[in-house]
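For reference, the chains in residue letters:
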Amino acid sequence: MRFARGFTLIELMITVAVIAVLSAIALPSYTDYITRSKLSEAHSVLADLRVKMEQRFQDARSYAAGPCAPTGANAQQVKYFQFSCPAGEPTANTFVIQAVGLADLTGITFTVNESNVRTTVVTAATKMADKGYTGSGTCWVVRKGGQC
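Residues numbered from 1 in each chain as written. Predicted model: local features only at pLDDT ≥ 70, side-chain atom pairs only at ≥ 80, totals over all residues. Heavy atoms only, no water.

Colleague: Run through the pattern of salt bridges, naming residues and quoting values.
Modeller: Counted according to the given criterion, the structure contains four salt bridges. Its salt-bridge partner being Arg36, residue Asp32 comes within 3.4 Å of it at the nearest N-O pair. Here Arg36 and Asp32 lie together in helix 1 (residues 9–60), a separation of four residues that amounts to about one turn. Asp32 sits in the buried class, given a relative accessible area of 17%. The residue Asp104 makes a salt bridge to Lys131 at a minimum N-O spacing of 4.0 Å. Taken together, the residues Asp104 in the loop between strand 2 (96–101) and strand 3 (108–113) and Lys131 in the segment after helix 3 (127–130) connect sequence positions 27 residues apart. By relative accessible area, which is 28% here, Lys131 ends up partly exposed. A single network of salt bridges, built from pairs that share partners, joins Lys38, Asp104 and Lys131. (Salt bridge = Lys/Arg side-chain N within 4 Å of Asp/Glu carboxyl O. Helix = DSSP H or I, 4+ residues; strand = E, 2+ residues; numbered from the N terminus. Buried < 20%, exposed > 50% of the residue type's maximum accessible area, 1.4 Å probe, protein only.)

Colleague: Explain the side chain of Ser62 to me, and be specific about the residues and the numbers.
Modeller: Within the secondary structure layout, Ser62 lies in the loop between helix 1 and helix 2 (73–77). Among the polar contacts listed, one links the side chain of Ser62 to the backbone nitrogen of Ala64, at a separation of 3.1 Å. (Polar contact = N/O pair within 3.5 Å; in protein donor to acceptor, adjacent residues only side chain to side chain.)

Colleague: So what's going on with the pairing of strand 3? Which residues, and what values?
Modeller: Within a regular beta strand, the side chains point alternately toward one face of the sheet and then the other, so they alternate between its two faces. Along strand 3, six of the six residues are buried, which leaves the element largely enclosed by surrounding structure. Because side chains alternate across strand 3, one face comprises the buried residues Ile108, Phe110 and Val112, and the other comprises Thr109, Thr111 and Asn113, equally buried. The pairing of strand 2 with strand 3 spans five bridges and is antiparallel. Of the residues in strand 3, the one forming a bridge with Gln98 is Thr111. Following strand 2, the chain reverses through six residues before pairing antiparallel with strand 3; Ala103 in that reversal takes a positive phi of roughly 55°. Bridge count for strand 3 against strand 4 (residues 118–122) is five bridges, and the pairing is antiparallel. Among the inter-strand pairings, Thr111 is bridged to a residue of strand 4, identified as Thr119. With antiparallel pairing between neighbouring strands as the criterion, strand 3 and strand 4 make up a hairpin whose turn holds four residues, including Asn116 at a positive phi of roughly 65°. (Pairing = 2+ DSSP bridges.)

Colleague: Account for the sheet that holds strand 4, naming residues and giving values.
Modeller: Taken in spatial order, the four strands line up as 1-2-3-4 in an open sheet, and their pairing is antiparallel. The open sheet has two edge strands, strand 1 (81–84) and strand 4, and neither has a second partner. Ignoring which end each strand starts from, the neighbouring axes of this sheet average 20° apart. Sheet analysis places strand 1 next to strand 2, joined by four bridges and oriented antiparallel. Note that in strand 2 the partner of Phe83 across the bridge is Ala99. (Axes fitted to C-alpha atoms, helices over the stretch in contact; angles between N-to-C directions.)

Colleague: Give a description of the packing of aromatic side chains that names residues and reports values.
Modeller: Overall, the coordinates contain four aromatic pairs when judged by the stated rule. Judged by centre distance (6.5 Å) and plane angle (45°), the rings of Phe81 and Phe83 are tilted. Residue Phe81 shares its accessibility class with Phe83, and that shared class is buried. Here the aromatic rings of Phe81 and Phe110 are separated by 5.9 Å at their centres, their planes lie at 50°, and the arrangement is tilted. You can see Phe81 sitting in strand 1 and its partner Phe110 sitting in strand 3, a full 29 residues away along the chain. Given a relative accessible area of 0%, Phe110 falls into the buried group. Pairwise contacts between aromatic rings join Phe57, Tyr63 and Phe95 into one cluster. (Phe/Tyr/Trp six-rings, centres within 6.5 Å; stacked < 30°, edge-to-face > 60°.)

This is the structure we're talking about:
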């Protein structure tokens, strides 16, 4: 007499259920990890633009006409944020550069000024606010809950 070999239907259903539970736990962590990795684009480009503004000031003794957004090959690599200076900036003695989130980062804005004051603004009822991100007046947020 031959015995049947293989898995029973119950064993397969239990395996599928375990995989579903593990996926339900891992997926939110993974999506948050992806969001945090996208934020680093704004941080690095803003830091680079701040250095270029300081170089401009050293050369011309004025921030006016300094770079408010990446140019050349750097501009083509930017995917998740739009960089600009608010109206009236830069002036001879001051500048503010901002990075505004696009697509799934809608609602978050990072800024830096000539004194290296870094701020994060998260607009209520936007994708980033719904994900649990909050603003900070003293740093660039890197995690949910306003953690710097």
